[in-house]
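Letter by letter, the chains look like this.
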Number of protein chains: 6
Amino acid sequence: MASNDKFYRPVSGNVLPRFAGIPTFMRLPNVDLARASREVDIGLIGVPWDGGTTNRAGARHGPRQMRDQSTMMRNAHHVSFTKPYEYANCADLGDTPVNPVDLMDSLNLIEKFFHAIYAANIMPLTAGGDHLITLPIMKGLTNSGSFKLGMVHFDAHTDTWDRYFGDFKYTHGTPFRRAIEEGYLDPKRTIQIGIRGGLYSVDDQKWGNAQGIRVIHIEEYNELGPEKVIEEARRVVGVGPTYISFDVDALDPVYAPGTGTPEIGGLTTFDAQIMLRGLAGLNLVGGDVVEVSPPFDNTGLTALTGVTMMFEILCLLAEKVRDMGSKND
Amino acid sequence: MASNDKFYRPVSGNVLPRFAGIPTFMRLPNVDLARASREVDIGLIGVPWDGGTTNRAGARHGPRQMRDQSTMMRNAHHVSFTKPYEYANCADLGDTPVNPVDLMDSLNLIEKFFHAIYAANIMPLTAGGDHLITLPIMKGLTNSGSFKLGMVHFDAHTDTWDRYFGDFKYTHGTPFRRAIEEGYLDPKRTIQIGIRGGLYSVDDQKWGNAQGIRVIHIEEYNELGPEKVIEEARRVVGVGPTYISFDVDALDPVYAPGTGTPEIGGLTTFDAQIMLRGLAGLNLVGGDVVEVSPPFDNTGLTALTGVTMMFEILCLLAEKVRDMGSKND
Amino acid sequence: MASNDKFYRPVSGNVLPRFAGIPTFMRLPNVDLARASREVDIGLIGVPWDGGTTNRAGARHGPRQMRDQSTMMRNAHHVSFTKPYEYANCADLGDTPVNPVDLMDSLNLIEKFFHAIYAANIMPLTAGGDHLITLPIMKGLTNSGSFKLGMVHFDAHTDTWDRYFGDFKYTHGTPFRRAIEEGYLDPKRTIQIGIRGGLYSVDDQKWGNAQGIRVIHIEEYNELGPEKVIEEARRVVGVGPTYISFDVDALDPVYAPGTGTPEIGGLTTFDAQIMLRGLAGLNLVGGDVVEVSPPFDNTGLTALTGVTMMFEILCLLAEKVRDMGSKND
Amino acid sequence: MASNDKFYRPVSGNVLPRFAGIPTFMRLPNVDLARASREVDIGLIGVPWDGGTTNRAGARHGPRQMRDQSTMMRNAHHVSFTKPYEYANCADLGDTPVNPVDLMDSLNLIEKFFHAIYAANIMPLTAGGDHLITLPIMKGLTNSGSFKLGMVHFDAHTDTWDRYFGDFKYTHGTPFRRAIEEGYLDPKRTIQIGIRGGLYSVDDQKWGNAQGIRVIHIEEYNELGPEKVIEEARRVVGVGPTYISFDVDALDPVYAPGTGTPEIGGLTTFDAQIMLRGLAGLNLVGGDVVEVSPPFDNTGLTALTGVTMMFEILCLLAEKVRDMGSKND
Amino acid sequence: MASNDKFYRPVSGNVLPRFAGIPTFMRLPNVDLARASREVDIGLIGVPWDGGTTNRAGARHGPRQMRDQSTMMRNAHHVSFTKPYEYANCADLGDTPVNPVDLMDSLNLIEKFFHAIYAANIMPLTAGGDHLITLPIMKGLTNSGSFKLGMVHFDAHTDTWDRYFGDFKYTHGTPFRRAIEEGYLDPKRTIQIGIRGGLYSVDDQKWGNAQGIRVIHIEEYNELGPEKVIEEARRVVGVGPTYISFDVDALDPVYAPGTGTPEIGGLTTFDAQIMLRGLAGLNLVGGDVVEVSPPFDNTGLTALTGVTMMFEILCLLAEKVRDMGSKND
Amino acid sequence: MASNDKFYRPVSGNVLPRFAGIPTFMRLPNVDLARASREVDIGLIGVPWDGGTTNRAGARHGPRQMRDQSTMMRNAHHVSFTKPYEYANCADLGDTPVNPVDLMDSLNLIEKFFHAIYAANIMPLTAGGDHLITLPIMKGLTNSGSFKLGMVHFDAHTDTWDRYFGDFKYTHGTPFRRAIEEGYLDPKRTIQIGIRGGLYSVDDQKWGNAQGIRVIHIEEYNELGPEKVIEEARRVVGVGPTYISFDVDALDPVYAPGTGTPEIGGLTTFDAQIMLRGLAGLNLVGGDVVEVSPPFDNTGLTALTGVTMMFEILCLLAEKVRDMGSKND
């Protein structure tokens, strides 16, 4: 296990108050990729882009507000007692380049960044951005499909629609159909939790079912409870490499009003925390928290919720480094 | 069962984005009453009036914001797979006339409108407005008391107070005492769910109890759970004609902050949805969602919640048309 | 001069309160293009699109909120006594189709719509949308450059930048360079009023100057005052066909906080009104009010300001119909 | 001149911070009418009622928020050096009774209260409430028309419309037609400053003109400037008893966003202050600040502006007591 | 039991609407301490101070907004039927003096005020203010430690940290360590409910455990449920004198967004109400509701929640007066 | 004159969109003091502290929001064509240490930081924080009074009060009395512009007048206009070392609603810009923009205004470096 000395530590709120200082994720140092390649185990990354959004844009502003709210996070997990900054070297790697007026260019820019992350052997924990960003992230992390990921996916929507406006294949409603088609995501190792909201048509659910995705609608969720759902999630993803994708609209909009496509009747933050904690020990390769949209969030609560979920995932990733070894060992 | 062709359909978000276009309820066509009399089975109607409000006004702005948020609704129910727009001809019938500076004139105007709806054999689904509007709606729908309605009533308050400021009989705290006295509502076929909040005096509950209204306070609700409460509701209203009145303050104010008289400790939206779904098959004649007050709702969540409840009720009404036949069959 | 009877009239606030009813522009009827071709002189149109926005998106929501606030407008101008609805047949023609995830497709869709408006001999008054929409509007209105427009342009920015992110030619910072290059806009008949804000580099102003655009920075504006600026505007645009483009960021952000790129130290609404009134009698072919961004406007003031400017422009266009004759004469 | 000892003084912010304590107007003591009759020269009064509002209600909440913001006011005028609390005995007389669901009852209740104020020889300074409240205030203060008032009236609207919804005579758009008809207000001693906004019809201005009201539209105002306008106001009202009525919508909505009927292009607060100061020495009998509507005011600025205007008027009234003598002399 | 006549009663909303009048706690009379000493059993008190806040200040504005929202409270408890104003003489005793720029002076001022409350035999129910205020309150109420209190403490944080910024002993994170050290609070009769959120270090919990404080983390809470937690609370505090301290951040931030240190995943308001009701019959000496911070609360919900909790505690205190006798008996 | 290569440059918005990236002042690099001592000419610094605030706290959050909004600033001045980043090496030096619960400790920490800035020969441009921070800044910059500064001071208040709550000498109302008494500020070379708002007593202005401070009340300002006021300012401060202190409450609150002590009737941003530009060529040693309080600023406009003023001052400071030489020459 790593000693304290060789890892970056968040700036202490007991030295510099939490409202002070330039906000980085979790008050960690901002490190460039070259240095990160040598030193960093877990990279916190922003993807400030919402070009795939078909209704209410705004998630491009998510990473900045999440960095701001992340200054309220602390150092150790109050249930598991995990100390991520003692197990792994973590840093804020800044934002990926994006192009707000060109969708395909943006997908390309994001994919290249995450391919470099993959090549540098860094586990990414990403703040979005709309959900389409998970597609190029997955492409990068799988070296363009040289292997397939499993996924634990929290969302109100399956995001497996096909086309939009006739012929458009890439929107924030389509990333996981594309990821399956393009070979980055294994549908049989994919579970979607919290799905709800009206259907465009009763055929909406057919494609995913046919691929073998395990979909847990909110009604089934409320019957099973978080513990059994997590058992099921662990069964589905198994021992293979697994990604966590957390769309904040999985939560009830009272917990995450600042999002593009709210659906009433969703998860509580407490249950979401319970479920994330239940993923400990999986073969995780990274995760993201997406669809935080500050223009629709007038108290900062959505971003606070988002970064608290990032801290939960960070603890999981750090436990893996603790168990598997750090670059700095 | 009705074919697709003869009914109006909502404008698809895949053709015109959800933020585009002139907002009508559910993106349905706006049809005048003359045409609706011939063609429409279920009429979505706004009553933009809050002249009965004794504390915080604002519900007069409810229908407009609910139309706006209703552009996010979809076509089929994700649990029951009900497809309302394939079972019934639905349209936005616009707003009733109202008079913001004359209470009695407004009650009269609203009653006339709903009497015409009754005469046209249209089932109304109404967006308020404060809760006093349900009184003239009931008068209209019962042809001034030629028969009595049962009611499933979601609310934090019984709305069966008697007088206000000495001698004033008509406020948003009195509609159901008046409706019972004037013969539109059968108290023995009335159930009130979610009641809570401090009392003016310990006698507050006497009148309703004496009439035989079944009151389920939030404490009893939380013991029974939504399924048993709905069993009780079905027992109370029986097979007679039944109206659903949904005051958004039945919900906890976190789900519906934009309302005139919030009371903490209320229903969740999920449980409310479960209960509304449980009313399937009753002999429904219409419903309303009231007390959405945009000036006190700074994210639009209350209106989104309101229109989602309207969609739940719409599915119930459409199922009745499916089973009983449409005008257009 | 047209009689009252043959023209559409706004719904009176004395019959239906201003908070009631489905909001169309100025409470006018919503008419489809086929009918409008035969009957309508001036078409009020929404272009709900912000895909050209490089920083803060949100103007896609502009037309809806502007329709809502336009319900507060009245029938006659309090200074000129112009009565637009007695001079011309005006209607809400709805929103153009747009594609929120494809910039080039959207430009094409908008251009086609406005080419149809041109072909139907309707004068358009448009609510945006970000400023890039003016490019396809101009293409449509000039029949792809079969003649050139002059322009009175109110803005904090010249919007004549060249490229973005290397090679991207179409953003809300480039429409007027493109319009000049592509032959829809005559730079020598173009005046830009209210320009201010830091420069990317001191070369920013060279291209426009070389083309012969008359740029009135806010400093010159404040020295000259609105009357002299309008004299200059009339001199610049002369007697040729002229378009008015009003970016709400021309105004000081206190009057228009809900916009993507606010610049402090701008025009007052009163002065803007004075200037618009000063354009009476020009050979106007249409106009737009753009960059109203509701997610950044928490009181509705920006939209109210926008529609009041639309009413000012509407009076100008209606005076032209009065003088030149209506379709319905 | 009165000595300091016999008058009430505001609680000092140097003793109890301005955010502390129960908020009364100007931090003065709350005194009942019986005691006030004996001791008080100037009574600060709330009329929390907006039953005359035809569009956006909310001014019923005005007095409470104005009391809250008034805790930021200080003791002496920084230009005139007037010290109102050393010249006159001032107190918060609380709110008048009102009935939110009965317009005519409310007018009666308000009139009775102000008749008592008249009988008690107290000069009232009132915080509204919508503008209809000025009608019963004037009835009370003139002993039901036993003499007529002159008026300096700041407003965007003349409030001299006749009827609404056919036959309704009492709305916040009609008080001054009624006050003239019923004999409380002398139109020839009435001046209206800041009038603007679209007209219902070009006849809107005829009635007032025929009565001899001096109307200064915003355009004339901006040509004359505040000093000359005040000269004109002094000429119009002359030496007779005069009332000041300040509707905050006279101001540009950037200074007073929280109001029911905002009109762009209005007065600045500084100019309004200059004009109020210019009324020194008139034969004033009272004043009001109306149409502050907190639900539409999300920063408190409108209420702060309103109470600053109240402080300006208070200084004028106190100067009269200084010159004419206090009850307590 | 006390008769109705000798006690103060809240102003009825049926006489003066709830939006009218100068807001005191629960619409009770504002009584000075001299009179209260003779007459009042339960004093409602504001402590408008947040000088101990290490991150987001604002709780200094809490008492004023809580008074405002308290105008919506009613007279009798809808579950227990407790009628506090018939059992005890209750009054608003105003705000304690505080010094916003001197921490130690403020602690001293607050302690003196509460020592006088103690000496006057009044039970205090206090609205904060940040949580550091509970330290001087306890010092005052225990006559500087002449006896020790037990405490039922609702909070997300234990508030038993030691020092801040090196050597600073008094912040809103330290009151209960100080209260134990200084001898006002008995740790073995202290229970903390709702604790959660990341740790500064894994040693955070050691000190409290060593003292014997019973800490119920949110995870244990959610397993036990409110009824068993209250059983445990009653066991811990026993029959000795007991204080209730309710930090609104114990609640999930959706119920109390307006607070300085929100932590997601907290209590519901309903469960908090159940727990407070479960404290009936304890030997209570007072209570407080703290950390309501209006600048971070944009709907007033946090203050409404706070005052509803105050009403729950008020009923408990009044029941004790009913059973033990009032000063006025 | 310095070439481009040796200086830091802001990240271009054409490379990384303005909403992307970790926000530093003006998108400049964040440099520590050791390196800055060698390389930096002008240091942008945050002082996140509001412990001197007697009413509404919140300015502690100012530097973070100002950094965020500063990402919208550009590279060259659009009037003077000044290119600050080509004339001087500018960097973000981070925030000073502060102690939110200890006023005197904070003053000491701030003073030490600015003494180091002085010793390192860096010109500071500071974002506050409340206005008390200017006192320790001045102490640091004058090497504890080894020479005296002149000051151009924009403010609604003179900030020369003496004591508060009896004996407290240090609040945000007293910095300039203390600075004069302690020998850092020369009152005869001090001008205060924009002063207004009610007085505590008519003696408020005596002390400053006696010291020889030139006070320009808003009324005098509006008579003279910005150009003459600046002439007077240049006369007053002369050729000695001069500091610019810009309290955003100098502006009318419509431009700067997010501030602790708003006073209506203030400066426009345009006039403030004109005045700042008029200070070119003075012997400037630094400047600050203070009292931006994000919790009271719900659109970000106050921070945008603040950073635009910082850019104006930055250009002045950079011109001095251009003329006097850079460290890097």
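Because the structure is a prediction, the values reported are computed rather than measured. (Residues numbered from 1 in each chain as written. Chains lettered and ligands numbered in written order. Predicted model: local features only at pLDDT ≥ 70, side-chain atom pairs only at ≥ 80, totals over all residues.)

> Any details on the overall build of chain A? Residues and values, ideally.
Looking only at helices and strands, chain A features eleven helices and eight strands. Relative to a compact globule of 329 residues, whose C-alpha radius of gyration would be 20 Å, chain A shows 18 Å and is just as compact. Dimensions along the principal axes, computed over C-alpha positions, put chain A at roughly 55 × 45 × 40 Å. Restricting to contacts in chain A with at least 6 residues of sequence separation, those with at least 24 account for 78%. (Helix = DSSP H or I, 4+ residues; strand = E, 2+ residues; numbered from the N terminus. Rg over C-alpha atoms; globule rule 2.2 N^0.38 Å. Contact = placed C-beta atoms within 7 Å.)

> So, the pairing of strand S2 (residues 90-95) of chain A: which residues are in play, and what are the values?
Residue and element names in this part refer to chain A. Judged by how many residues are buried, S2 sits mostly within the fold: six of six residues are covered. Two elements, strand S1 (residues 42-47) and S2, share four bridges in a ladder whose sense is parallel. Note that in S2 the partner of Ile42 across the bridge is Cys90. (Buried ≥ 20, exposed ≤ 12 C-beta atoms within 10 Å, placed from the backbone. Pairing = 2+ DSSP bridges.)

> Tell me about helix H10 (residues 269-277) of chain D, and please be specific about residues and values.
Most of H10 of chain D is tucked away, with eight of its nine residues classed as buried. Every buried residue of H10 of chain D is accounted for by Thr269, Phe270, Asp271, Ala272, Gln273, Ile274, Met275 and Leu276 of chain D. Of the surrounding secondary structure, the elements contacted by the buried residues of H10 of chain D are strand S4 (149-154), helix H9 (226-237) and helix H11 (301-324) of chain D together with helix H8 (218-224) of chain F.

> So what about the interface of chain B and chain A? Which residues, and what values?
Where interface size is quoted, it is often the accessible area lost as the parts come together. If you look at the interface, chain B gives 25 residues, while chain A gives 22 residues. For the side of chain B that touches chain A, the secondary-structure elements that each account for two or more residues are helix H10 (269-277) and helix H11 (301-324) of chain B. Ranked by residues supplied to the side of chain B that touches chain A, first place goes to H11 of chain B with five residues. Class assignment of the residues belonging to the side of chain B that touches chain A gives a composition of twelve nonpolar, ten polar and three charged. (Nonpolar A, V, L, I, M, F, W, Y, C, P; charged D, E, K, R; others polar.)

> Provide a residue-level description of the pairing of strand S6 (residues 214-217) of chain E, including the pertinent values.
Residue and element names in this part refer to chain E. Sheet analysis places strand S5 (residues 185-195) next to S6, joined by four bridges and oriented parallel. For Ile195, the partnering residue across the bridge sits in S6 and is His217. Note on the crossover from S5 through helix H7 (residues 206-211) to S6: the handedness is right-handed. (Right-handed = clockwise from strand over helix to strand, strands pointing away.)

> I'd like a rundown of the interface of chain C and chain A, residues and numbers included.
The interface of chain C with chain A comprises 17 residues on the first partner and 17 residues on the second. Looking at the side of chain C that touches chain A residue by residue, the class counts come to nine nonpolar, seven polar and one charged.

> Would you mind going over unusual backbone geometry in detail, with residue names and values included?
Of note, the bond from Gly128 of chain A into Gly129 of chain A is cis; its omega dihedral lies within 30 degrees of zero at 10°. Checked against the element boundaries, Gly129 of chain A lands in the loop between strand S3 (123-128) and helix H5 (134-141). At Asn143 of chain E, a residue that is not glycine, the phi angle is positive and equals roughly 55°. Along the chain, the position of Asn143 of chain E falls in the loop between helix H5 (134-141) and strand S4 (149-154).

> For the packing of helix H10 (residues 269-277) of chain E against helix H11 (residues 301-324) of chain E, give the residues involved together with the corresponding values.
To characterise two packed helices, one gives the angle between the axes of the helices and the distance between these axes. All names here are of chain E. Relative to each other, H10 and H11 sit at 20°, their axes nearing to 9 Å. With respect to H11, the axis of H10 lies roughly parallel. H11 is crossed by H10, and the crossing has right-handed handedness. Two secondary-structure elements touch here, H10 through Thr269, Ala272, Gln273, Leu276 and Arg277 and H11 through Thr305, Met309, Glu312 and Ile313. Of the residues belonging to the contact of H10 with H11, the class tally is four nonpolar, three polar and two charged. (Axes fitted to C-alpha atoms, helices over the stretch in contact; angles between N-to-C directions. Parallel < 35°, antiparallel > 145°, perpendicular 65-115°, else oblique. Left-handed = near helix turned anticlockwise from the far one by under 90°.)

> Describe in detail the relation of the copies chain B and chain A, supporting the description with residues and values.
Least-squares fitting of chain B to chain A yields an RMSD of 0.0 Å, with the transformation described by 0.0 Å of translation along the axis and a rotation of 120°. In symmetry terms, the pair is related by a three-fold rotation axis. For chain B, the smallest separation between a C-alpha atom and the rotation axis is recorded for Val254 of chain B, amounting to 3.6 Å. The fraction of interface residues of chain B whose copies in chain A are also interface residues is only 8%, indicating that the copies meet through different surfaces. (Least-squares fit on C-alpha atoms with pLDDT ≥ 70 in both.)

> Could you give me a rundown of helix H2 (residues 62-70) of chain C, with the residues and numbers involved?
Among the nine residues that make up H2 of chain C, nine are buried, leaving the element largely enclosed by the rest of the structure. On the buried face of H2 of chain C, the contacting elements are helix H2 (62-70) of chain B together with strand S1 (42-47), strand S2 (90-95), strand S3 (123-128) and helix H11 (301-324) of chain C.

> Account for the sheet that holds strand S1 (residues 42-46) of chain E, naming residues and giving values.
Residues and elements named next belong to chain E. An order of S2-S1-S3-S8-S7-S4-S5-S6 is seen for the eight strands of this open sheet, with the pairing classed as parallel. Only two strands of the sheet have a single partner each, and these edge strands are strand S2 (90-95) and S6. Here the average twist between neighbouring strands, direction ignored, is 15°. One ladder, built from five bridges, connects S4 with strand S7 (residues 242-247); its direction is parallel. Among the inter-strand pairings, Gly150 is bridged to a residue of S7, identified as Thr242. Lying over the sheet, helix H9 (residues 226-237) contacts S4, S5, S6 and S7, oriented at roughly 165° with respect to S5.

> Give a description of the environment of Glu232 of chain E that names residues and reports values.
All names here are of chain E. Mapped onto the fold, Glu232 is located in helix H9. You can call Glu232 partly exposed: it has 16 C-beta atoms within 10 Å. Distance in space between the C-alpha atoms of Glu232 and Ile216 is 9.7 Å, their sequence separation being 16 residues. Not counting residues up to four positions away in its chain, the partners in contact with Glu232 are Ile191 and Arg214.

> Please provide a residue-by-residue account of the relation of the copies chain C and chain A, values included.
Once turned by 180° and shifted 0.0 Å along the axis, chain C lies on chain A with an RMSD of 0.0 Å. Here the symmetry operator amounts to a two-fold rotation axis. Looking at the rotation axis and the C-alpha trace of chain C, the residue lying nearest is Pro295 of chain C, at 2.9 Å. A share of 100% of the interface residues of chain C reappears at the interface of chain A, consistent with the copies meeting face to face through the same patch.

> Go over the sheet that holds strand S2 (residues 90-95) of chain B with me, naming the residues and quoting the values.
All names here are of chain B. Pairing is parallel across the open sheet formed by eight strands, whose spatial order is S2-S1-S3-S8-S7-S4-S5-S6. Two strands lie at the open edges of the sheet, namely S2 and strand S6 (214-217), each paired on one side alone. Here the average twist between neighbouring strands, direction ignored, is 15°. Relative to strand S3 (residues 123-128), strand S1 (residues 42-47) is paired through six bridges, and the arrangement is parallel. Its bridge partner being in S3, Leu44 is matched across the sheet by Leu125. The sheet strands contacting H2 are S1, S2 and S3, and the helix crosses S3 at an angle near 110°.

> Give me the lowdown on the environment of Glu219 of chain E, citing residues and values where you can.
Residues and elements named next belong to chain E. Note on placement: Glu219 falls in helix H8 (residues 218-224). Residue Glu219 is classed as partly exposed on the basis of its 17 C-beta neighbours within 10 Å. It is 32 Å that separates the C-alpha atoms of Glu219 and Phe81, two residues lying 138 residues apart in sequence.

> Mind laying out the arrangement of the chains, listing which residues take part and the relevant values?
Left apart from each other, chain A and chain D have a closest C-alpha approach of 12 Å. There is a gap between chain C and chain E: no contact, and a shortest C-alpha distance of 12 Å.

> Lay out the environment of Asp249 of chain A in plain terms, naming residues and giving numbers.
All names here are of chain A. With respect to the helices, strands and loops of the structure, Asp249 is situated in the loop between strand S7 (242-247) and helix H10 (269-277). Residue Asp249 is classed as buried on the basis of its C-beta count, with 28 C-beta atoms lying within 10 Å. Taking the C-alpha atoms as reference, Asp249 lies 26 Å from Ser80; in sequence the two are 169 residues apart.

> Residue-level account of the confidence of the model for chain A, with values.
Looking at chain A as a whole, its pLDDT mean stands at 96, while 98% of the residues score no less than 70. Interface predicted TM-score (ipTM) for the complex: 0.95; the corresponding pTM is 0.97. (pLDDT = per-residue confidence, 0-100.)

> Give a detailed account of the packing of helix H9 (residues 226-237) of chain B against H10 of chain B, specifying residues and quantitative values.
All names here are of chain B. For the pair H9 and H10, interaxial distance at closest approach is 9 Å and the crossing angle is 35°. Crossing of H9 against H10: the hand is right-handed. Every residue of H10 that contacts H9 at Pro226, Val229 and Ile230 is listed here: Asp271, Ile274 and Met275. Among the residues forming the contact of H9 with H10, the class breakdown is five nonpolar, no polar and one charged.

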